[in-house]
Every structure is written in structure tokens, then in C-alpha cells.
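Each chain, letter by letter, is given below.
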Amino acid sequence: MQIDFKKSPDGLVPAIIQDVNTNKVLMLGYMDQAAFDKTMQEGKVTFFSRSKQRLWTKGEESGNFLYMKDVKVDCDNDTLLIKADPVGPVCHTGADTCWNEQNTGDDFLFKLEQVIKDRIAQPTEASYTAKLFARGINKMAQKVGEEAVELVIEAKDNNDHLFLNEGADLLFHYLILLQAKGFSLADIIKVLKERHK
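Residues numbered from 1 in each chain as written. Predicted model: local features only at pLDDT ≥ 70, side-chain atom pairs only at ≥ 80, totals over all residues. Heavy atoms only, no water.

If you had to explain the packing of helix α2 (residues 108–121) against helix α6 (residues 185–196) to someone new, which residues and values would you point to?
The N-to-C vectors of α2 and α6 enclose an angle of 140°; their axes lie 10 Å apart at closest approach. Taken together, α2 and α6 sit at an angle that is classed as oblique. Seen from α2, the contacting residues are Leu109, Phe110 and Glu113; seen from α6, they are Leu185, Ala186 and Ile189. Each residue belonging to the contact of α2 with α6 can be placed in one class, and the counts come to five nonpolar, no polar and one charged. (Axes fitted to C-alpha atoms, helices over the stretch in contact; angles between N-to-C directions. Helix = DSSP H or I, 4+ residues; strand = E, 2+ residues; numbered from the N terminus. Parallel < 35°, antiparallel > 145°, perpendicular 65-115°, else oblique. Contact = heavy atoms within 4.5 Å. Nonpolar A, V, L, I, M, F, W, Y, C, P; charged D, E, K, R; others polar.)

I'd like a description of the pattern of salt bridges, backed by residues and values.
All told, the structure shown has six salt bridges when counted by the stated rule. Linking Glu146 and Lys143 is a salt bridge whose minimum nitrogen-to-oxygen distance equals 3.7 Å. In this pair, Glu146 and Lys143 are both assigned in helix α4 (residues 137–155), three residues apart and thus about one turn of the helix distant. On the basis of relative accessible area, Glu146 is assigned to the partly exposed category, the value being 30%. Judged by its relative accessible area of 18%, Lys143 is buried. Lys143 serves as the salt-bridge partner of Glu147, at 3.4 Å between the closest nitrogen and oxygen. Residue Glu147 and its partner Lys143 are both found in helix α4; the two are separated by four residues, about one turn of the helix. Per residue, the accessibility class of Glu147 equals that of Lys143, and both read buried. A single network of salt bridges, built from pairs that share partners, joins Lys143, Glu146 and Glu147. (Salt bridge = Lys/Arg side-chain N within 4 Å of Asp/Glu carboxyl O. Buried < 20%, exposed > 50% of the residue type's maximum accessible area, 1.4 Å probe, protein only.)

Here it is as C-alpha cells:
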């Protein structure tokens, strides 16, 4: 990988950080040769801080590290794209990204997962999700089992509408169970990607 650090008078190249799982752009930093070398050696994204005038590993104080998974250089050899696995929020403000966006994919399932989180965090009487969550892990697991059985039954018939609706019910209840267990859709995607290798 040929990176042209000399193109800039200060020897810095922009490093765009992207979440390896959601593809959301998390932040922009700058690297010199030493920051790049440290990132490659330790696997934690390290920048050259222009304000501190020193190497700065993201998360060195907060613990919210960016674990480097892949690095690409652009066609001019003067900008990096680093795919990373973030631990916690990336921005110093506490936001997921430095653009104050939630770090979820644009996929509807990630948006649905956020709705489920919100319903659990701020329960209302009208919320089915909040009511089910309040009934505990056993009830949530039981509901997933019931929905799975209903999906199997519909799979044996020829009614596509009922089959798809039972599949949606199963997926919805599984997302609730994931939250109850302290996991997310991203965790499941990570397992599937590891199996895919």
C-alpha cells in the first residue's frame, strides 16, 4: 500500500472511519506515517492529533476504541478509508458518529431494532413491545418459540401471505429477545460473517 504522506506539507492524510458492520461513516481524523504504522501494528485506530500535536489512539481515555478491520487507500494515494469495529460511541459528545447520527445501517431492520429499544427504554401502556418485555425473559423466549412453530405450520401450506406474516412475527419477536439478552442485530450479523469466511 503506497500512501503519499508527502503530498501534504504537514505530512498528514485524511482517514475516514467507517463501521465495518453498518457501513456508517463514523468520523474523520488525520494520520501521519507513525500513526498509520501504530494502527497497523496494534489494530487500534491511531491518529495524529492536530490539537495535541501528538499521536492519539481513539479511546485511550474513554475506552471507546476503534478496532481496525480493513484499510484502503484512494486512487490518489492520499486519503485512507478505514473500516473499524467501534466500542461504544465514537464522538467526544457521546454521539454514535461525529455527525450526530445513530450508528445503524439504512436497513429497515436496524430502524425497527431502534424502535424496539425506544419502546423498552420508555414504556407506555399502549406498547405491545414494552408489555412483552416487562413479562420477562421466559415469556419472550416462549413467544419466539410459538412464532417459530406457526411459521413451520404455514410453510407446509400454500398461503404465501400467511407464511410471510408468520416470518415477520418470528423476526420481530426475535429482535425483542435479542434486546432482552443484551445483544443486537449487529451481533448476529457478525456471527454470520464469521461463518461465511
